[in-house]
Structure formats: structure tokens, C-alpha cells
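Here's the letter readout for the chains.
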Amino acid sequence: VHWRRGARGHCSLDDSTLKNQLTLDLASTWASIDPSAALAYAQAQPERAQQQETMREVFDSWAAVDAPALDRWLAERPADETTDLAREQLALSKFANDPSAAMATASAIASEETRRARVESLFAFWAQKNAPEARQWLRDTEVPAALRPRLERLAARPDAVDEEE
């Protein structure tokens, strides 16, 4: 970290990595207290990449603290890039306790590319951890025709996740 003296003797940060980490830490902590304010802060970041990263952090904290409130927030909003980010983080948060609910959340992502990637990655992990349960979910769930063969291969050989990529 490089500090330098400002005009009035104050120190300022030159290290952009540290600034970014402080921004993420602030957003994460703030989201656990006031998610709407934290989200507004994230969306106000000057660079798009930082906005996205900060919003992910906000949604991750919100999901960890109050997933039902995040679900309600999502239900009240039209699908867009922001709600897709929220759904991604919510799905990841739900996965440990309820993989089926996580898959349903991931399946609601509006962006086809993002939805496919998130559903595949969650399913691959699920198939590695509990293949019978993942296969049962696949049998019981309506999955887009284009995605089903890939998930069936993952369910049949969960240890072969990276072979096809």
C-alpha cells in the first residue's frame, strides 16, 4: 500500500486493489444491515466492472442474511442484468441447504447464456456430491431440450465434468 500526504496533511490511498477491497467489504457489511442502500452504493460505482463485482457482493451478503427478503425483492422486479446477478448469488447461497431450490432460482435467470452456465455448474457440483439426488431432480424437472443432454451426461459421469469443456 502506498500512502502519500494530501494538500491538508491527510493521507490518501494509491493502491487501487486495496480501494476495491474496501469498497467490497463496505458493500458486504452494509448489505447485511440495509440491502437497498448497499445496492444503490454498488450501482453508483464509477466503473461497470466494479459495479458488477460490488453488486455480487451485496447480493451474496443479502442472501446469506435474509434470502426470503431477496426472493421477495426479486419477485417485485422485472428481469434484467441486476436481477440476474441477484439470482446467481441467491442460487449459490441456497445450494448448500437446498439444491433443488438453488436450481429453481438459477433456472429463473433471464439471460440464456448466464442461466445455462449457472444451472450447469450447480448441477455438476450436485452430481459430484450426491449423484442419485441430482439424477432424481433431473427426472422430475422440466429442463430445456438444449440443456438436458449435457445434464444427463453430467449425471451419468459426475467425475467427468471438465472432460467436455
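Residues numbered from 1 in each chain as written. Predicted model: local features only at pLDDT ≥ 70, side-chain atom pairs only at ≥ 80, totals over all residues. Heavy atoms only, no water.

Asker: Mind laying out the overall build of the protein, listing which residues take part and the relevant values?
Answerer: Along the protein, the regular secondary structure elements total eight helices and two strands. Sequence-ordered secondary structure for the protein, helices as α and strands as β, is β-β-α-α-α-α-α-α-α-α. Burial statistics for the protein: of 165 residues in total, 39% are counted as buried. For the protein, contacts bridging at least 24 residues in sequence account for 39% of all contacts bridging at least 6. As displayed, the protein offers around 9700 Å² of accessible surface, 49% of which is attributable to carbon and sulfur atoms. (Helix = DSSP H or I, 4+ residues; strand = E, 2+ residues; numbered from the N terminus. Buried < 20%, exposed > 50% of the residue type's maximum accessible area, 1.4 Å probe, protein only. Contact = heavy atoms within 4.5 Å. Areas by Shrake-Rupley, 256 points an atom, 1.4 Å probe, with all protein chains shown as cover.)

Asker: Explain helix H5 (residues 99-107) residue by residue, including any values.
Answerer: Listing the buried residues of H5 in full gives Pro99, Ala102, Met103, Thr105 and Ala106. Seen along its axis, H5 keeps its buried residues to an arc of 160°; they face one direction. As for H5, its buried residues are in contact with helix H4 (81-95), helix H6 (112-129) and helix H7 (131-140). (Arc of directions from axis to C-beta.)

Asker: Give a detailed account of the nonpolar core, specifying residues and quantitative values.
Answerer: One broad trend across soluble globular proteins is that nonpolar side chains are buried collectively. Ranked by internal contacts, the top residues of the largest apolar core, which has 19 residues, are Met103, Leu122, Phe123, Trp126, Trp137, Leu138 and Leu151. Of all the elements in the fold, those that place two or more residues in this core are H4, H5, H6, H7 and helix H8 (148-156). Examining the composition of this core, we find that six residues originate from one element, H6, more than from any other. Setting aside residues no more than four positions away along its own chain, Trp126 makes contact with Phe95, Pro99, Ser100, Met103, Ala131, Glu133, Ala134 and Trp137. Residues Ala31, Ala67, Leu85 and Ala86 belong to the second largest nonpolar core, which totals 18 residues. (Core = buried A, V, L, I, M, F, W, Y, C linked by side-chain atoms within 4.5 Å.)

Asker: Any chance you could break down the packing of aromatic side chains for me, citing the residues and the numbers?
Answerer: The description of an aromatic ring pair uses the distance of the two centres, along with the angle that the planes make with each other. Per the counting criterion, the structure on display carries nine aromatic pairs. With centroids separated by 5.5 Å and ring planes inclined at 45°, the aromatic side chains of Trp30 and Tyr41 adopt a geometry described as tilted. Placement of Trp30 in helix H1 (residues 16-33) and of Tyr41 in helix H2 (residues 35-43) is noted, with a sequence separation of 11 residues between them. An aromatic cluster is defined as three or more aromatic residues linked by ring pairs; in this entry it consists of Phe95, Phe123, Phe125, Trp126 and Trp137. (Phe/Tyr/Trp six-rings, centres within 6.5 Å; stacked < 30°, edge-to-face > 60°.)

Asker: Now, about the environment of Glu133: what can you tell me, with residues and values included?
Answerer: Mapped onto the fold, Glu133 is located in helix H7. Glu133 sits in the partly exposed class, given a relative accessible area of 38%. Spatially, the C-alpha atom of Glu133 lies 9.3 Å from that of Ser100, the residues being 33 residues apart in sequence. Leaving out residues up to four positions away in the same chain, Glu133 has contacts with Pro99 and Trp126.

Asker: Help me get a handle on the packing of H4 against H6, residues and values and all.
Answerer: Close contact between H4 and H6 brings their axes to 11 Å; oriented N to C, the two are set at 10°. In terms of orientation, H4 lies roughly parallel with respect to H6. Along its contact with H4, which presents Glu88, Ala91, Leu92 and Phe95, the element H6 presents Thr114, Arg118, Leu122, Phe125 and Trp126. Here the residues of the contact of H4 with H6 sort into six nonpolar, one polar and two charged. (Axes fitted to C-alpha atoms, helices over the stretch in contact; angles between N-to-C directions. Parallel < 35°, antiparallel > 145°, perpendicular 65-115°, else oblique. Nonpolar A, V, L, I, M, F, W, Y, C, P; charged D, E, K, R; others polar.)

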